[in-house]
Amino acid sequence: MTIDTVSTAAAYGGTQGVYTHASTATGTPMTFSVYVPPHEEGARLPVVWYLSGLTCTHANVTDKGDYRRACAELGLIFVAPDTSPRGEGVADDPAYDFGQGAGFYVDATQAPWTSHFGMRSYVTEELPALIGEHFPADMTRQSIMGHSMGGHGALTIGLTFADRFRAVSAFAPIVAPSQVPWGEKALGGYLGTDRAAWRAHDAVALIEDGARVPALLVDQGDADQFLTEQLKPRLLADACAAAGIDLTLRMQPGYDHSYYFIATFMADHLRWHAERLG
């Protein structure tokens, strides 16, 4: 599998790169960014996956996430994929919360989305294979985090592939998409009207159905404009309490849904991941 380099730049002794490739999972070109910290020749480094939120590309966290200094200090590779397929011939919707920029990290089963919207397969199968082939990654040491829609992706993928990801965390995640407008629209549109099929893509439902991880870290701003209607972190807290999952839910006073919030607590999350990645 080949990749093309869009750009590279030195940062904190490592390399920040942006790359493209022809994806078989989406049938489109896909762009992703990778930060590789300074390391000894021949070393294999743990990998942290970051999944972005609605309307974002790889560039939002790459430009505004403030992760490179911590990754350089901790020896972590940081991978940020796009949030959906894009381009001419790819189905779209005029709303910001569906279609291009809003893949919700599922493999669509409904027309016209099935042709390209294979984001679950992309981030769990195709892109990991590329990272393992082209970067000094130790694929036995992986963790995953995300923001908002990407927090939903990180939680659901982390719970589903608990044997792969040693740590799972999120910033302001959509914890129960089956119970909020963003999720009902996306899961209904991509997966159809059978709500039973949604449960595999709903963190609270997955936990209710028996999925387990040792611990979760979630940061949520209490001034987030989406807190009450779309995010509902208390649902995750209740599910984790019932299941015996060690959830650290930190309600951060005065913080909203923006990258100022994410950047503020990014290093905390990376240290938490590094402790579990070894």
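Residues numbered from 1 in each chain as written. Predicted model: local features only at pLDDT ≥ 70, side-chain atom pairs only at ≥ 80, totals over all residues. Heavy atoms only, no water.

**Q** I would appreciate a short explanation of the pattern of salt bridges in the present structure.
**A** The final tally for this structure, using the stated rule, is ten salt bridges. Aspartate 209 serves as the salt-bridge partner of arginine 199, at 2.8 Å between the closest nitrogen and oxygen. Here arginine 199 is found in the loop between α5 (181-191) and α6 (203-208), whereas its partner aspartate 209 is found in the loop between α6 and β8 (215-221), with ten residues between them in sequence. A single network of salt bridges, built from pairs that share partners, joins Asp219, Arg250, Asp268 and Arg271. (Salt bridge = Lys/Arg side-chain N within 4 Å of Asp/Glu carboxyl O. Helix = DSSP H or I, 4+ residues; strand = E, 2+ residues; numbered from the N terminus.)

**Q** Is there a simple way to think about the packing of aromatic side chains in this case?
**A** Under the counting rule described, the total for this entry stands at 15 aromatic pairs. Taken together, a centroid distance of 4.5 Å and an interplanar angle of 25° make the contact between phenylalanine 98 and tyrosine 190 stacked. Separated by 92 residues along the polypeptide, phenylalanine 98 in the loop between β5 (77-81) and α3 (119-134) and tyrosine 190 in helix α5 bring together distant segments of the chain. Look at tyrosine 190 and you get buried, because its relative accessible area is 1%. Taking the centre distance of 5.0 Å and the plane angle of 70° together, the rings of tyrosine 255 and phenylalanine 265 count as edge-to-face. (Phe/Tyr/Trp six-rings, centres within 6.5 Å; stacked < 30°, edge-to-face > 60°. Buried < 20%, exposed > 50% of the residue type's maximum accessible area, 1.4 Å probe, protein only.)

**Q** Would you mind showing me how to read the environment of glutamine 142 here?
**A** By the secondary structure assignment, glutamine 142 is in strand β6 (residues 137-147). Placed 134 residues apart in sequence, glutamine 142 and arginine 276 show a C-alpha to C-alpha distance of 9.5 Å. In this structure, glutamine 142 is in contact with Val47, Trp49, Arg164, Phe165, Arg166, Ala167 and Leu277, ignoring residues within four places of it in sequence. In terms of polar contacts, glutamine 142 uses its side chain to reach the side chain of tryptophan 49, at 2.8 Å. (Contact = heavy atoms within 4.5 Å. Polar contact = N/O pair within 3.5 Å; in protein donor to acceptor, adjacent residues only side chain to side chain.)

**Q** Help me understand the pairing of strand β4 (residues 45-51) in this model?
**A** Note on strand geometry: in a regular strand, side chains alternate between the two faces of the sheet. With seven of its seven residues buried, β4 lies for the most part within the structure. One ladder, built from six bridges, connects β4 with β6; its direction is parallel. Counted as the bridge partner of tryptophan 49 is isoleucine 144 from β6. Of the strand pairs in this sheet, β4 and β5 are connected by three bridges, and their pairing is parallel. Residue pairing for β5: valine 47 is matched across the bridge by isoleucine 77. (Pairing = 2+ DSSP bridges.)

**Q** What should I look at first to understand the sheet that holds strand β1 (residues 4-11) in this one?
**A** Strand-to-strand pairing in sheets goes through backbone hydrogen bonds, with the strands running parallel or antiparallel. Taken in spatial order, the nine strands of this open sheet run β1-β2-β3-β5-β4-β6-β7-β8-β9, and their pairing is mixed. Here the strands that pair on one side only, and so sit at the sheet edges, are β1 and β9 (246-252). Strand-to-strand, the axes of this sheet are offset by a mean angle of 20°, without reference to chain direction. Contacting β4, β6, β7 (165-171) and β8, helix α4 (residues 149-160) runs over the sheet at an angle of about 135° to β6. (Axes fitted to C-alpha atoms, helices over the stretch in contact; angles between N-to-C directions.)

**Q** How do you make sense of the side chain of aspartate 224 when you look at a structure like this?
**A** Structurally, aspartate 224 can be placed in the loop between β8 and α7 (227-231). Look at aspartate 224: it is buried, it has no salt bridge, and the nearest opposite charge is lysine 232 at 12 Å. From its side chain, aspartate 224 meets the backbone nitrogen of phenylalanine 226 in a polar contact 2.8 Å long. Setting aside residues up to four positions removed in sequence, aspartate 224 forms contacts with Ala172, Leu231, Tyr255, Asp256 and His257. (Lys, Arg positive; Asp, Glu negative; His and termini not counted.)

**Q** In this structure, what is going on with α3? I would like to understand it.
**A** Residues spaced three or four apart along an α-helix point in a common direction, a consequence of the helix completing one turn every 3.6 residues. At leucine 127, α3 shows its largest bend, some 35°, and a proline, proline 128, comes one to four positions later. Taken together, the buried positions of α3 are occupied by Met119, Arg120, Ser121, Tyr122, Val123, Thr124, Glu126, Leu127, Pro128, Leu130 and Ile131. For α3, the elements touching its buried residues are β2 (14-22), β3 (29-36), β4, β5, β6 and α4. (Bend = angle between axes of the 7 residues up to and from the residue.)

**Q** Got a minute to help me understand the nonpolar core in this structure?
**A** Nonpolar side chains tend to gather and get buried jointly when the protein is soluble and globular. Grouped together as the largest cluster of nonpolar side chains are 89 residues, with contacts concentrated most on Phe78, Tyr190, Met266 and Leu270. Of the residues forming this core, the biggest block, eight residues, is contributed by helix α9 (residues 259-277). Setting aside residues up to four positions removed in sequence, leucine 270 forms contacts with Val48, Tyr67, Ala70, Cys71, Leu74, Leu76, Phe78 and Met145. (Core = buried A, V, L, I, M, F, W, Y, C linked by side-chain atoms within 4.5 Å.)

**Q** Help me understand the environment of glutamate 184 in this model?
**A** Within the element layout of this structure, glutamate 184 appears in helix α5. In this structure, the C-alpha to C-alpha distance between glutamate 184 and tryptophan 198, residues 14 residues apart in sequence, is 9.0 Å. Those residues in contact with glutamate 184 that lie beyond four places of it in its chain are Pro177, Ser178, Arg195 and Trp198.

**Q** I'm lost on the environment of valine 168 in this one. Help?
**A** By the element assignment, valine 168 lies in strand β7. Using a relative accessible area of 2% as the deciding quantity, one classes valine 168 as buried. Each C-alpha atom of the pair valine 168 and alanine 11 lies 26 Å from the other, and the pair is 157 residues apart in sequence. With sequence-adjacent residues up to four places away left out, valine 168 is seen in contact with Ile144, Ala154, Leu155, Gly158, Ala215, Leu216, Leu217, Trp272 and His273.

Any functional reading would require information beyond the geometric quantities listed.
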